[in-house]
Amino acid sequence: MVANVKDLPQLSSKLEEAKRTAAYNAVDQNINFEEHRIIGIGSGSTVVYVAERLGQYLKDPARHEQVANFICIPTGFQSRMLIKENGLQLGSIEMFPDIDIAFDGADEVDENMQLIKGGGACLFQEKLVSTSSKKFIVVADYRKKSPKYLGTNWKQGVPIEVVPSAYVRVTKDLETKLHAKKVVVREGTPAKAGPVVTDNNNFIIDADFGEIHDPKLLHTQIKSLVGVVETGLFIDNAEIVYFGNDDGTVSVMNN
Ligand SMILES: O=C(CO)[C@H](O)[C@H](O)COP(=O)(O)O
């Protein structure tokens, strides 16, 4: 039997416990062991607990056979490692383009469940997996819930994955055509001199637009710039969001 969420050992901080509570509840309440087989696993520090929970079910004799048959589709290098470390079966989106359910974190979630993602620079593969999934579940801690508009809590800007040779052109277009307040090519310092290179060998630009009142329109405008591979605005994609609160409770947002 896997441990009940209420009976878990303490972690190093309330924040870590909030992430774990969100993730464990999301898995427990949404995985259908009989029907689900292809599972998307996102990136970041909260989804770590999604993989951990699935790993616990794998060790549970009552669920072992079903979970051993799950094929987990990663959104990048980190999530590939998470899948392997928890003993789960790794698959690729090329082999399994139709995903039953996917779990991922978010950098900010607004009241309409529109998301900013890409703080960990995995946004293209995250969007590929989440939009290939019948059900996309977001797991996040309390800091990610926006009071109203995207861009309120997440001040770093909208992450945008761009083809490296186009970064100057895209930077100019974001400033002049879309009037971004601040545009920064994400650097890997101190671990790496120069731009962060994504798992797809692209660069990431963070473009600050302040409060985003129409994320759908902004996504379309950014996406139309030559050189943009994908934006970190995830529009009409999430079905349920689990927020772990700092008092140990979970808030659930859904359509
Ligand atoms: O979009 C992401 C990576 O590109 C992450 O899901 C997002 O940054 C949330 O991460 P965390 O769970 O560590 O807060």
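Residues numbered from 1 in each chain as written. Predicted model: local features only at pLDDT ≥ 70, side-chain atom pairs only at ≥ 80, totals over all residues. Heavy atoms only, no water.

Visitor: Even after reading the chapter, I still don't get the overall build of the chain, so can you show me in this structure?
Guide: Along its length, the chain carries 7 helices and 14 strands. Against the compact-globule benchmark of 18 Å for 255 residues, the chain has a radius of gyration of 18 Å, which places it among compact chains. By the burial criterion, 54% of the 255 residues in the chain qualify as buried. Long-range contacts, defined as pairs at least 24 residues apart, comprise 72% of the intrachain contacts of the chain with a sequence gap of at least 6. In the form shown here, the chain has an accessible surface area of approximately 11,900 Å², with 51% of it arising from carbon and sulfur atoms. Separation of charge centres in the chain, based on 28 positive and 34 negative side chains, amounts to 3 Å. (Helix = DSSP H or I, 4+ residues; strand = E, 2+ residues; numbered from the N terminus. Rg over C-alpha atoms; globule rule 2.2 N^0.38 Å. Buried < 20%, exposed > 50% of the residue type's maximum accessible area, 1.4 Å probe, protein only. Contact = heavy atoms within 4.5 Å. Areas by Shrake-Rupley, 256 points an atom, 1.4 Å probe, with all protein chains shown as cover. Lys, Arg positive; Asp, Glu negative; His and termini not counted. Charge placed at Lys NZ, Arg CZ, Asp CG, Glu CD.)

Visitor: Please clarify how the domain arrangement of the chain should be interpreted in this entry.
Guide: Interface size is often expressed as the accessible area that is lost when the parts come together. For the chain, the domain assignment lists domain 1 (5–143 + 236–254) and domain 2 (158–232). Each of domain 1 and domain 2 has a C-alpha centre, and these two points are 26 Å apart. Listed as interface residues are 17 residues of domain 1 and, on the opposing side, 16 residues of domain 2. Between domain 1 and domain 2, a total of about 1,200 Å² is buried, with carbon and sulfur atoms accounting for 55% of that surface. For the domain 1 face of the interface with domain 2, the top three residues by lost area are Leu 123, Phe 124 and Lys 127, together amounting to 42%. Our count for the contact surface shared by domain 1 and domain 2 stands at 2 salt bridges. One can count 9 residue pairs in polar contact (both at pLDDT 80 or more) joining domain 1 with domain 2. (Domains from an automatic or database assignment. Buried area = accessible area lost by both parts, 1.4 Å probe. Salt bridge = Lys/Arg side-chain N within 4 Å of Asp/Glu carboxyl O. Polar contact = N/O pair within 3.5 Å; in protein donor to acceptor, adjacent residues only side chain to side chain.)

Visitor: What is the right way to look at the nonpolar core in this model?
Guide: Among soluble globular proteins, nonpolar side chains are generally buried collectively. Ile 31, Ile 39, Val 50, Leu 54 and Phe 103 are the most contacted members of the largest nonpolar core, which totals 31 residues. Looking at this core, the elements that each hand over two or more residues are helix H1 (14–30), strand E1 (38–41), helix H2 (47–59), helix H4 (77–85), strand E4 (99–104), strand E7 (133–141) and strand E13 (240–244). Residue contacts for Ile 31: discarding those within four places in its chain leaves Ala 26, His 36, Ile 39, Leu 54, Phe 70, Ile 101 and Phe 103. Membership of the second largest hydrophobic core comes to 24 residues, among which are Ile 116, Val 158, Phe 209 and Leu 225. (Core = buried A, V, L, I, M, F, W, Y, C linked by side-chain atoms within 4.5 Å.)

Visitor: Would you take a moment to explain the pairing of strand E10 (residues 203–208) for this structure?
Guide: Every regular strand shows the same layout, with side chains that alternate between the two sheet faces. Burial analysis of E10 places 5 of its 6 residues in the buried class, the great majority of the element. In this structure, strand E8 (residues 158–162) lies alongside E10, joined through 5 bridges in antiparallel fashion. Considered in E10, the bridge of Pro 159 is made with Asp 206. Strand direction decides the pairing type here: strand E9 (residues 182–185) and E10, joined by 4 bridges, are antiparallel. Residue pairing in the sheet places Lys 182 in a bridge with Asp 208 of E10. (Pairing = 2+ DSSP bridges.)

Visitor: How should the site of the ligand be read in this particular structure?
Guide: Surrounding the ligand, one finds 16 residues, the nearest of these being Ser 45, Thr 46, Asp 107, Gly 118 and Lys 144. For the ligand, whose accessible area on its own is 380 Å², the fraction buried by protein is 91%. Grouping the constituent residues of the shell around the ligand by class yields 3 nonpolar, 8 polar and 5 charged. (Near = heavy atom within 4 Å. Nonpolar A, V, L, I, M, F, W, Y, C, P; charged D, E, K, R; others polar.)

Visitor: Any chance you could explain the sheet that holds E1 here in plain terms?
Guide: In any sheet, the strands associate via hydrogen bonds between backbone groups, in a parallel or an antiparallel arrangement. Strands sit in the order E3-E2-E1-E4-E7-E13-E14 across an open sheet of 7 strands; the sheet is mixed. Strands at the two margins of the open sheet, each flanked by one partner only, are strand E3 (89–90) and strand E14 (250–254). Relative to E4, E1 runs parallel, the two sharing 3 bridges. Its bridge partner lying in E4, Gly 40 is registered against Ala 102.

Visitor: Help me understand the environment of Asp 236 in this model?
Guide: Its place among the elements puts Asp 236 in the loop between strand E12 (233–234) and E13. When the C-alpha atoms of Asp 236 and Gly 120 are compared, they prove to be 21 Å apart, with 116 residues separating the residues in sequence. Non-local contacts of Asp 236, meaning those with residues more than four positions away in its chain, are made with Gln 114 and Lys 216. There is a polar contact of 3.0 Å between the side chain of Asp 236 and the side chain of Lys 216.

Visitor: Mind showing me how you'd approach the side chain of Thr 75 here?
Guide: Take Thr 75: it is sitting in the loop between strand E2 (71–74) and H4. Given the relative accessible area of 1%, Thr 75 is considered buried. A polar side-chain atom of Thr 75 sits 2.6 Å from a polar atom in the side chain of Ser 43. Apart from residues lying up to four places away in sequence, Thr 75 is in contact with Ile 41, Gly 42, Ser 43, Cys 122, Gln 125, Glu 126, Val 129 and Asp 199.

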